[in-house]
Amino acid sequence: MRAGRTLVGTSPDCDVVLRDPSISGRHAEISTVRRGFRINDWDRPTAPITENKADLQRDLIDNDSVRLGRTNSSSSR
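Here we summarise the structure given alongside this text. Within each chain, residue numbers correspond to sequence positions counted from 1 in written order. With the structure being a predicted model, the display of local features is reserved for residues of pLDDT at least 70 and the display and counting of side-chain atom pairs for 80 or more, all residues being used for whole-chain, interface and lining totals. Side-chain figures throughout are based on the complete set of non-hydrogen atoms in the structure, without hydrogens or water.

### Description of the overall build of the protein
Rules: We count a stretch as a helix when DSSP gives it H or I for four or more residues in a row; a strand needs E for two or more, and each element gets its number in order from the N terminus. Think of it in three bands: residues with accessible area under 20% of the maximum for their type are buried, residues over 50% are exposed, and the middle band is partly exposed, with areas taken using a 1.4 Å probe on protein chains only. Residue burial considers only the protein chains on display, and all accessible areas are found by Shrake-Rupley using a 1.4 Å probe.
Secondary structure assignment for the protein yields zero helices and nine strands. Listed by position from the N terminus, the elements making up the protein come as β-β-β-β-β-β-β-β-β. Per-residue burial for the protein yields a buried fraction of 35% across its 77 residues. Approximately 5000 Å² of the protein is accessible, and the part contributed by carbon and sulfur atoms is 47%.

### With respect to the environment of Q57
Rules: The contact criterion used throughout is that any non-hydrogen atoms of two residues lie within 4.5 Å.
Here Q57 shows up in strand β7 (residues 57-60). Among the residues examined, Q57 registers a relative accessible area of 47% and is labelled partly exposed. In this structure the C-alpha to C-alpha distance between Q57 and E29, which are 28 residues apart in sequence, comes to 9.6 Å. Once residues within four sequence positions are removed from consideration, Q57 is found in contact with R38, I39 and N40.

### Comments concerning the nonpolar core
Basically, it comes down to this: Residues belong to one nonpolar core when they are buried, are Ala, Val, Leu, Ile, Met, Phe, Trp, Tyr or Cys, and are joined through side-chain atoms within 4.5 Å.
Core analysis: the biggest nonpolar cluster contains eight residues, these being V8, L18, I23, A28, I39, L60, V66 and L68. In contact with L18, not counting residues within four places along its chain, are V8, G9, T10, I23, L68 and T71.

### Description of the sheet that holds strand β2 (residues 16-17)
Each strand in a sheet pairs with another by means of backbone hydrogen bonds, the pair being arranged parallel or else antiparallel. Quick reminder of the rule: Strands pair, by our definition, only if DSSP identifies at least two bridges between them.
Strand order across the open sheet formed by five strands is β2-β1-β3-β4-β7, with mixed pairing between neighbours. On the outer flanks of this sheet lie β2 and β7, each paired with one strand and no other. Two strands pair when backbone bridges link them, and strand β1 (residues 5-9) and β2 are joined in this way by two bridges, in the parallel orientation. Within β2, the position partnered with G9 by the bridge is V17.

### Details of unusual backbone geometry
Here the phi dihedral of N63 falls at roughly 70°; this positive angle occurs in a residue that is not glycine. Tracing the backbone shows N63 in the loop between β7 and β8 (65-68). Accessibility expressed as a relative area gives 62% for N63, which makes it exposed.

### Focus on the pattern of salt bridges
Where we set the bar: For this analysis, a salt bridge means a side-chain nitrogen from Lys or Arg found within 4 Å of a carboxyl oxygen belonging to Asp or Glu.
This structure, assessed with the given rule, holds three salt bridges. Put simply, D13 and R26 hold a salt bridge, and the shortest N to O gap is 2.3 Å. Taken together, the residues span a long stretch of sequence, with D13 in the loop between β1 and β2 and R26 in the loop between β2 and β3 (28-33) at a distance of 13 residues. Under the relative-accessibility criterion, R26 is labelled partly exposed at 38%. The closest approach of N and O atoms between R38 and D59, which form a salt bridge, is 2.6 Å. Taken together, the residues span a long stretch of sequence, with R38 in strand β4 (residues 36-41) and D59 in strand β7 at a distance of 21 residues. Under the relative-accessibility criterion, R38 is labelled partly exposed at 24%. According to the relative accessible area criterion, D59 is partly exposed, its value standing at 40%.

What follows is the structure, encoded as structure tokens:
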């Protein structure tokens, strides 16, 4: 993990490596912000889906569900 951010994708140099052919090598970044965490999409055609809404950038809140490609996850502060 890099200071204040976590890279997510299929590339072996990511902090979170996913085996999902529907996402890119460096697909997204989760970073710390004043009030918690934010997800930023780096692969514009397949924006992360949070709470059934596609956003290129979104602040995460407790119990958000995040989907990158076909991979689902949930967050909790």
